[in-house]
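Overview (structure and organization)
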Amino acid sequence: MIHLIRSHVSAGQMEQMLEALGLYVKLAVDIRQGIAAGGGVMHADCEAVLLENGSQQEDIWGADWNPEAQQVSFEALINIRPRQNNRSMDIMDQSIRKRVSEIVKDLFGEV
């Protein structure tokens, strides 16, 4: 199940998002609005939820969240975007990586 997360995720939401992959959650993060969509098996599905809710393509980046390790990873097919000078599945721009990490830890991290 994919959830649109605007404030800290609940335990129930996290449990539902983990159903797809078990150990981690695929995310799409809007770095302008500070929100994320998580769950499902593809980052693109999460991206679609953000786009349907008013996010702009250039503001959305893919990441994964491992709740047990409290760790963010930055590899996703949706991150390949040559027009934004990102030719890798990994987020190459350190300022974007930092912003994605801050948002993910704020929305998904332990309090």
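The shown structure was predicted, so the numbers you read here are calculated from the model rather than taken from an experiment.

1. Digging into helix H1 (residues 11-18)
Among the residues making up H1, those that are buried are Met14, Met17 and Leu18. Viewed along the axis of H1, the buried residues span an arc of 100 degrees, placing them on a single side of the element. Tucked inside the fold, the buried residues of H1 contact strand E1 (3-5), strand E2 (25-30), strand E3 (35-38), strand E4 (60-66) and helix H3 (94-108).

2. What to know about the nonpolar core
Judged by nonpolar contacts, the single largest core of 22 residues is most densely connected at Met14, Val29, Val100, Val104 and Phe108. Listing elements by their share of this core, those giving two or more residues are H1, E2, E4 and H3. Per element, the largest residue contribution to this core is 6 residues, and it comes from H3. With residues up to four places along the chain from it excluded, the contact list for Met14 reads Val9, Val25, Trp65, Pro67 and Phe108. Counting residues in each nonpolar core, the second largest holds 9 residues, with Ile35, Cys46, Val49 and Ile60 among its members.

3. Here's the deal with the packing of aromatic side chains
Tallied over the entire structure, the rule returns 0 aromatic pairs. In this structure, Arg81 packs its charged tip against the face of Trp61, placed 4.0 Å from the ring centre.

Rules of the game
- Residues numbered from 1 in each chain as written.
- Predicted model: local features only at pLDDT ≥ 70, side-chain atom pairs only at ≥ 80, totals over all residues.
- Heavy atoms only, no water.
- Buried < 20%, exposed > 50% of the residue type's maximum accessible area, 1.4 Å probe, protein only.
- Helix = DSSP H or I, 4+ residues; strand = E, 2+ residues; numbered from the N terminus.
- Arc of directions from axis to C-beta.
- Contact = heavy atoms within 4.5 Å.
- Core = buried A, V, L, I, M, F, W, Y, C linked by side-chain atoms within 4.5 Å.
- Phe/Tyr/Trp six-rings, centres within 6.5 Å; stacked < 30°, edge-to-face > 60°.
- Lys NZ or Arg CZ within 6 Å of the ring centre and 35° of its normal.

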